[in-house]
Amino acid sequence: QSRIFSPALKVEQTSYSALKKQTSQADLENTFRFGYGKTTIKLGAGLFISDNYNSIAGTLFLSQKLSHDLSVSSSFSESPYQYTLASVNTPLNQTMFINSIDFNKKDKWLGKASYLVQSFADNNSINTAFIWFLMPLINKNKVLFQAGLSTSYATASFNTFTATGSPDFLALQYPLYTQLPG
């Protein structure tokens, strides 16, 4: 791998058994490193294919190491939203911005604080902030056991959820841990 040519090909296939559908995505990325690895830029483009539609995906990632233990990063991506069964059937793209601060003391403390914004074509956006950290409990003889804490908060501009029935009816109709339509 060189500092300016470090390509990667990622291929992903997802099956949705409830819908009897599959989606595929192939992404080609290249990572550029500058300043003895302190600055990283990753560019990526890809193609998303499903039974209903095709879409182009893209990513831009920037990272800057501020010190031996601390770095900041920002990323922008455009990709299909595939986190609900309804979004698998209906074309829905998301634009995502993420800003992060990372702390890494190697075999000691690890942590991350991030703020992300997911935007959609209907002018809705989801804003999420989270923070987590890990600390070593056991670090002897090549055995590392860590524990940590995390918290997050998310909110949307407006709620687009539409129930397909009353909660009582859905609870009776579907067994526990079943994916619900809608």
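For the structure, see preceding data.
Residues numbered from 1 in each chain as written. Predicted model: local features only at pLDDT ≥ 70, side-chain atom pairs only at ≥ 80, totals over all residues. Heavy atoms only, no water.

Asks: Help me understand the pairing of strand S5 (residues 70–80) in this model?
Replies: In the case of a regular strand, side chains alternate between the two sheet surfaces. In terms of strand pairing, strand S4 (residues 54–65) meets S5 through eight bridges, oriented antiparallel. Bridged to Phe61 within S5 is Ser75. Counting the residues between successive antiparallel strands, the hairpin from S4 to S5 contains four residues. The pairing of S5 with strand S6 (residues 93–104) spans 11 bridges and is antiparallel. Following the sheet pairing, Pro80 is matched in S6 by Asn93. (Pairing = 2+ DSSP bridges. Helix = DSSP H or I, 4+ residues; strand = E, 2+ residues; numbered from the N terminus.)

Asks: Sorry if this is basic, but what is going on with the side chain of Thr40 here?
Replies: Position of Thr40 among the secondary structure elements: in strand S3 (residues 39–50). With relative accessibility at 16%, the residue Thr40 sits in the buried group. (Buried < 20%, exposed > 50% of the residue type's maximum accessible area, 1.4 Å probe, protein only.)

Asks: Looking at this structure, I do not really get the environment of Ser100. What am I missing?
Replies: Here Ser100 lies in strand S6. Dropping the residues within four chain positions of it, Ser100 is found in contact with Ser71, Val72, Ser73, Lys112, Ala113 and Ser114. At 2.5 Å, the side chain of Ser100 forms a polar contact with the side chain of Ser114. (Contact = heavy atoms within 4.5 Å. Polar contact = N/O pair within 3.5 Å; in protein donor to acceptor, adjacent residues only side chain to side chain.)

Read these as spatial facts, not as claims about activity.
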